[in-house]
Amino acid sequence: MKNVSFHRYVISLICVAILSGGGVYIWQKSTAATQSPQNQPTVATSNELEKVQTLFDQIRANYYQEVDEDVLVEGALKGMTDALGDPYTTYLSESAANELDQSLSSSFEGIGATLTLVNDYPEVAQAPIKNSPAEKNGLRLNDRILKVDGKETKGLSLTEVVNNIRGKKGTTVKLTIQREKETFDVSITRDTIPVDTVHTDLDSEKKIGKIEITTFGESTASELKEGIESLRKKGAKSFILDVRQNPGGLLDQVQIMASMFLEDGKTIVKFADDSGVISETKTSAALDEGFKVTEPVVVLVDGGSASAAEIFAAALQESADIPVVGTETFGKGTVQNVKELGDNSELKMTVMKWLTPNEEWVNEQGVMPDHQADFPEYAYLAPLPRDKELKEGQSSEAVDRLNQFLSALGYRTTGDTFDQTTVSAVQAVQQKAELEVTGKVNAETAQAIEKAVTDQLKQEDHAYLKAVELLSN
């Protein structure tokens, strides 16, 4: 399994499985019948398609094994989009199309548990959503899911596991759970789970409202408005907008949201084809319904801020001189249109480029922050293992990560060897966490160490601290 940085692991938990891997794209949805006459594609001639039909017929008639014709057709459709060499243009089967739709919806039907992969197994990555079926049935943080309806999960992708667990409201899924040394089954009845994409907090001392936007889903603009109104009532006089690790989402939502922070008539985003700029979106009451944010604002970005998150940051940076703090963003400067193909499958296709208000194309370059600031290096380490115990005398990459985490917490540990200084540091963490003091790192102790590191990161979030400094000045 590819290692996930600890910072990304922490920041992205809300999106990992609830949104099932959000992707980096902006999209507008339409049916195939909405193609305007002047943009109608050239119809392939019978000669051009005859070769495809001949190949299909030859395989169906002469292949030595039985052939699933639907699989052949799906492969041909996928092959056409793959041939374009554009990672954001793809044919979506019915299941893939459904996953895309759900990833940006305001709710989904499932159990309400956020998952991540740890050593090839899905595990519950954070406390289940309040009042969700997962919470009501007692699922806990770090529960390992060994089976879904009797089928092994080891080696499956996170998307595959999520798709197996999700299902229609009222249906039941049986999970085989491993919790420390105990293994048991739990049957959970699925329900409708709301998805919140905006999370707010207030620094009451400085009267700063922090707003984390995890993706641009179908209700994100209204969530943002509600969040700002709530923070104002609590005393917020300025705002920090955090779009770090935000993979993008819906174009209409980011346009509405950007309009809230800009004067009417200002440019939010421009669109272009190979011949140049073809259109642009400007702020107006038609977009934001007259809701404006006039308080001081700072935007936080990082390398995981992509697509719609980049449109948002660039619009505020260039059209309102709002400071952007963090690291260079992902760099995705294209817009995708999703068309239904009539059988519940869809075509997600790049249709144009988007440009910043100053007509910069950020593709493969990213939006540059006005102030560079990042987490310390230990924030990008992979999480500690949960499936094996770390103890004195061992030497490995995992022990090296452990020592770096402990060093970040103020203990004098170093290197890739679990020595006596590591033992003493682990014992100190266990004592603070009110765990059995063994000096060994099992799953429970690993969780305690990572929680302490997460708390430490809040004190060393240099981008956030820089934003606070700018707003305080």
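Our structure is the block above this text.
First things first, this report covers the structure right here in the doc. (Residues numbered from 1 in each chain as written. Predicted model: local features only at pLDDT ≥ 70, side-chain atom pairs only at ≥ 80, totals over all residues. Heavy atoms only, no water.)

### Comments concerning the packing of aromatic side chains
One pass over the full model with this rule turns up three aromatic pairs. Taking 6.1 Å as the distance between ring centres and 55° as the angle between the ring planes, the aromatic pair formed by Phe216 and Phe312 counts as tilted. Of the two residues, Phe216 is situated in the loop between strand S12 (208-213) and helix H8 (220-234) and Phe312 in helix H11 (residues 308-320); the sequence distance between them amounts to 96 residues. Phe312 shares its class with Phe216; the two are buried. Residues Phe261 and Phe312 carry aromatic rings whose centres are separated by 5.9 Å and whose planes lie at 85° to one another, so their mutual orientation is edge-to-face. You can see Phe261 sitting in the loop between helix H9 (251-259) and strand S15 (267-273) and its partner Phe312 sitting in helix H11, a full 51 residues away along the chain. Phe312 matches Phe261 in its accessibility class, with the two residues each being buried. Chaining the aromatic ring pairs together yields one cluster made of Phe216, Phe261 and Phe312. In this arrangement the basic side chain of Lys332 is found over the ring face of Tyr88, its NZ or CZ atom lying 4.6 Å from the centre. (Phe/Tyr/Trp six-rings, centres within 6.5 Å; stacked < 30°, edge-to-face > 60°. Helix = DSSP H or I, 4+ residues; strand = E, 2+ residues; numbered from the N terminus. Buried < 20%, exposed > 50% of the residue type's maximum accessible area, 1.4 Å probe, protein only. Lys NZ or Arg CZ within 6 Å of the ring centre and 35° of its normal.)

### Things to note about the side chain of Arg401
Among the structural elements, Arg401 can be located in helix H12 (residues 397-408). Glu397 is the oppositely charged side chain nearest to the buried, salt-bridge-free Arg401, at an N-O distance of 4.8 Å. In contact with Arg401, other than residues within four places in its own chain, are Leu381, Ala382, Pro383, Leu384 and Pro385. (Lys, Arg positive; Asp, Glu negative; His and termini not counted. Salt bridge = Lys/Arg side-chain N within 4 Å of Asp/Glu carboxyl O. Contact = heavy atoms within 4.5 Å.)

### Description of the packing of H12 against helix H14 (residues 443-459)
At their nearest, the axes of H12 and H14 sit 10 Å apart, and the two run at 45° to each other. With respect to each other, H12 and H14 are oriented oblique. When the axes of H12 and H14 are compared, the crossing they make is left-handed. Across from Leu402, Phe405, Leu406 and Ala408 in H12, the residues of H14 making contact are Ile449, Val453 and Gln456. (Axes fitted to C-alpha atoms, helices over the stretch in contact; angles between N-to-C directions. Parallel < 35°, antiparallel > 145°, perpendicular 65-115°, else oblique. Left-handed = near helix turned anticlockwise from the far one by under 90°.)

### Let's talk about the side chain of Lys348
Secondary-structure assignment places Lys348 in strand S20 (residues 346-355). Although Lys348 lies buried, it forms no salt bridge, and the closest oppositely charged side chain, Asp86, sits 7.5 Å away as judged by the N-O distance. A distance of 3.1 Å separates the side chain of Lys348 from the backbone oxygen of Tyr88, its partner in a polar contact. (Polar contact = N/O pair within 3.5 Å; in protein donor to acceptor, adjacent residues only side chain to side chain.)

### Re H14
Look at H14: 25 Å from first C-alpha to last across 17 residues, which is about the 24 Å you get at 1.5 Å a residue. Taken residue by residue, H14 has Thr445, Ala446, Ala448, Ile449, Glu450, Val453 and Leu457 as its buried positions. You can read the cap of H14 off the contacts: a side-chain oxygen lies 3.2 Å from the backbone nitrogen of Glu444, and it is on Asn442. (Expected span 1.5 Å × (residues − 1).)

### Points about unusual backbone geometry
At Asp149, a position not held by glycine, the phi torsion is positive, near 50°. Here Asp149 lies in the loop between strand S6 (144-148) and strand S7 (151-152). Its identity as a non-glycine residue notwithstanding, Glu289 has a phi of 55°, on the positive side. With respect to the helices and strands, the residue Glu289 is situated in the loop between helix H10 (285-288) and strand S17 (297-301).

### Some words on the pairing of strand S8 (residues 172-179)
Bridging between S6 and S8 involves four bridges; their strand directions are antiparallel. In the strand pairing of S8, Arg144 is matched with Gln178. Where S8 meets strand S9 (residues 182-189), eight bridges bridge the pair, whose relative direction is antiparallel. For Thr172, the partnering residue across the bridge sits in S9 and is Thr189. Where S8 folds back on S9, the antiparallel hairpin that results is connected by two residues, among which Glu180 adopts a positive phi of roughly 55°. (Pairing = 2+ DSSP bridges.)

### Topic: the sheet that holds strand S11 (residues 198-203)
Taken in spatial order, the six strands make up an open sheet running S11-S12-S13-S17-S18-S21, and their pairing is mixed. Of all the strands in the sheet, just S11 and strand S21 (371-372) have a single pairing partner and so form its edges. The strands that H8 touches are S11, S12 and strand S13 (238-242); relative to S11, the one it contacts most, it runs at about 15°. The sheet contacts of H11 involve S12, S13, S17 and strand S18 (324-326), and relative to S17 the element is tilted by about 145°.

### Describing the pattern of salt bridges
Side chains that differ in charge, positive against negative, can pair when their charged atoms come close. Tallied over the full model, the rule gives 15 salt bridges. Asp242 is paired through a salt bridge with Arg244; the nearest N and O atoms lie 2.9 Å apart. Between Asp288 and Lys292 there is a salt bridge whose closest N-O contact spans 2.7 Å. Assessed through its relative accessible area of 4%, Asp288 is described here as buried. By relative accessible area, which is 23% here, Lys292 ends up partly exposed. Residues participating in the shared-partner salt-bridge network are Lys210, Asp242, Arg244 and Asp461.

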